[in-house]
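As a plain string of letters, each chain reads:
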Amino acid sequence: MENPKTGRTMFTPREVATVLAALRYWQATVEDPKEQSPDYFEEDEPLSDEEIDTLCENINFDMTLAELACAECGRRVTREDEGLCAECTAKAEHETEGGR
Ligand SMILES: [Zn+2]
């Protein structure tokens, strides 16, 4: 599934928790990322502290979106919809009634 705002692939909750924990640990413990992990930063500069904060916020935003996506069609829903958009809820109710 993709985040429509960033166009990036969303992660599972476990992946997000691990990535956030790793980023925060890295942010807190690594003094000089280029010296610590030179292979990763041959061409690109590591993110600054502020940029890592933003990245963590974006990852958290992805999670919020994942929680708010309709389980049926992926359309954005409000928390009150409890996992299904209004259309899919109506359809599910209709199908339940029709099956009786
Ligand atoms: Zn739906």
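Calculation notes
- Residues numbered from 1 in each chain as written.
- Predicted model: local features only at pLDDT ≥ 70, side-chain atom pairs only at ≥ 80, totals over all residues.
- Helix = DSSP H or I, 4+ residues; strand = E, 2+ residues; numbered from the N terminus.
- Buried ≥ 20, exposed ≤ 12 C-beta atoms within 10 Å, placed from the backbone.
- Contact = placed C-beta atoms within 7 Å.

Remarks on the overall build of the protein
No. 1: Helix and strand counts for the protein stand at 4 helices and 0 strands.
No. 2: Reading the helices (α) and strands (β) of the protein from amino to carboxyl end gives α-α-α-α.
No. 3: Within the protein, the fraction of its 100 residues that count as buried is 4%.
No. 4: Once local pairs closer than 6 in sequence are excluded, the contacts in the protein between residues at least 24 apart make up 37%.

Regarding the environment of Ile 59
No. 1: Mapped onto the secondary structure, Ile 59 falls in helix 3 (residues 49-67).
No. 2: Ile 59 gets classed as buried once you count the C-beta atoms within 10 Å, which come to 20.
No. 3: Among all residues touching Ile 59, those that are not within four sequence positions of it are Val 16, Val 19 and Leu 20.

Details of the environment of Glu 72
No. 1: Locating Glu 72 in the fold gives a position in the loop between helix 3 and helix 4 (86-99).
No. 2: Distance from Glu 72 to Leu 84, taken between C-alpha atoms, is 6.4 Å for residues 12 residues apart in sequence.

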